[in-house]
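Chain by chain, the residues run as shown.
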Amino acid sequence: MVNKNSAWDYLKEGFLNLIYPLSCENCGKSIRESKGYSICDDCMKQIKLISSPYCYQCGKPLSPMVYFEEKAMCSDCNSKEKHYFNRSVAYYQGVMRKCIHLLKYKKQVKLIQPLGDLMIDYLKADNFYDIQEIDLIIPVPLFKGDFLRRGFNQSSLLAEYVANYFSLSFSNDLLIKNKENVSQVGLSKIERKNNVKNVFSINSSFKKDIYNILLIDDIFTTGATVEACCKELRKTGIKKIFVLTLARGI
Ligand SMILES: [Zn+2]
Ligand SMILES: [Zn+2]
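Residues numbered from 1 in each chain as written. Chains lettered and ligands numbered in written order. Predicted model: local features only at pLDDT ≥ 70, side-chain atom pairs only at ≥ 80, totals over all residues. Heavy atoms only, no water.

This part is about the coordination of the zinc ion (ligand 2). Around the zinc ion (ligand 2), the protein contributes the donor atoms C55 (SG), C58 (SG), C74 (SG) and C77 (SG), at 2.3 Å from the metal centre. In this structure, the zinc ion (ligand 2) is coordinated by 4 donor atoms arranged in tetrahedral fashion, with angles at the metal of 104 to 116°. Read in sequence order, the donor residues for the zinc ion (ligand 2) give the motif C-x2-C-x15-C-x2-C. With C58 in the loop between α2 (41–44) and α3 (75–79) and C77 in helix α3, the pair connects residues that are 19 residues apart, well separated along the chain. Comparing C58 with C77, the two get one shared label, buried. (Donors = N, O, S within 2.8 Å, 3.2 Å for Na, K, Ca; no water. Tetrahedral: all angles 85-135°; square planar, octahedral: opposite > 155°, others 65-115°. Helix = DSSP H or I, 4+ residues; strand = E, 2+ residues; numbered from the N terminus. Buried < 20%, exposed > 50% of the residue type's maximum accessible area, 1.4 Å probe, protein only.)

Attention now goes to the domain arrangement of the protein chain. The domain architecture assigned to the protein chain consists of domain 1 (1–44) and domain 2 (47–248). The gap between the C-alpha centroids of domain 1 and domain 2 is 28 Å. Counting from both sides, the interface comprises 14 residues of domain 1 and, opposite them, 17 residues of domain 2. Roughly 1,400 Å² is buried in total at the junction of domain 1 and domain 2, and carbon and sulfur atoms are behind 63% of that figure. Counting across the interface, domain 1 meets domain 2 through 1 salt bridge. Among the salt bridges present, the one from E25 reaches K106, with a minimum N-O distance of 3.8 Å. At the boundary of domain 1 and domain 2, one finds 3 residue pairs in polar contact (both at pLDDT 80 or more). (Domains from an automatic or database assignment. Contact = heavy atoms within 4.5 Å. Buried area = accessible area lost by both parts, 1.4 Å probe. Salt bridge = Lys/Arg side-chain N within 4 Å of Asp/Glu carboxyl O. Polar contact = N/O pair within 3.5 Å; in protein donor to acceptor, adjacent residues only side chain to side chain.)

Per the counting criterion, the structure on display carries 6 aromatic pairs. An angle of 85° between the planes, with centres 5.5 Å apart, marks the rings of Y56 and F128 as edge-to-face. A residue pair is termed long-range when its members are at least 10 positions apart, and Y56 in the loop between α2 and α3 and F128 in the loop between α5 (112–125) and β4 (136–139) qualify at 72 residues. A relative accessible area of 17% places F128 in the buried class. Here Y165 and F166 contribute two aromatic rings whose centre-to-centre distance is 4.9 Å and whose plane-to-plane angle is 85°, an arrangement assigned as edge-to-face. (Phe/Tyr/Trp six-rings, centres within 6.5 Å; stacked < 30°, edge-to-face > 60°.)

Taken together, C24 (SG), C27 (SG), C40 (SG) and C43 (SG) make up the full set of protein donors to the zinc ion (ligand 1), lying 2.3 Å away. Taken together, the 4 donor atoms coordinating the zinc ion (ligand 1) span angles of 105 to 116° at the metal, a pattern that classifies the geometry as tetrahedral. Read from N- to C-terminus, the donor residues coordinating the zinc ion (ligand 1) fall into the pattern C-x2-C-x12-C-x2-C. Taken as a pair, C27 in the loop between β1 (22–23) and β2 (30–31) and C43 in helix α2 lie far apart in primary sequence, 16 residues in all.

Below, the discussion takes up unusual backbone geometry. Cis geometry is adopted by the peptide bond preceding P53, which originates at S52 and carries an omega value of 5°. Relative to the elements of secondary structure, P53 occurs in the loop between α2 and α3. Not every positive phi belongs to a glycine, and K107 is a case in point at roughly 55°. The residue S167 is not glycine, and still its phi comes out positive at about 55°. The topology assignment puts S167 in the loop between α7 (154–165) and β5 (169–170). The class of S167 is exposed, set by a relative accessible area of 68%.

Have a look at this one:
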């Protein structure tokens, strides 16, 4: 588990901070306390959270200027059927963007704790999700090769952190990623869709007594990844699939 540190870990980190003091990647201020990641508390508070109005289906923020009805949907969701309902906690910009980069590329896995806490706070505050209804929390998986290269799946760490907090079941291998898809960055909408085609499948050992699932991912861009995951999950007879993503790109 990520959030449990032994006294030894704290001593070790405190000692390392003395030798290699961390400075905040956002404001440059030195970080004295033992955190294991380089974003100060003041900067963490700058993360821009998404609040209503947003699309009932995909969670896309809608202009507060438009007339807002309870289940308003964005034009994209109005024009085509989707297999998921997504909510995103924050905008993928500024400090949130830095946090995700530090997590993924500088392996500052201790960031799972403050970022996971943002997801927990969201789940507690938003009445769209009834956490009591959830049978299982799962992450969007990584392809084995990507996992071995990075050493961890940040979405899996987030999902496990959230599941532990709510004492819910967690599965790391219900969904399987079968192939490596090239980075979604810089691709057109159609290219992104083809990029995730037949990428995911369900683990054959899956027991069909699970009804409601919460799928967790770090970044939501076009939704092509979660759509591909949820399409597979729907084939199993799972009743409700909720998606919660940490940050939203668009
Ligand atoms: Zn700072
Ligand atoms: Zn939408």
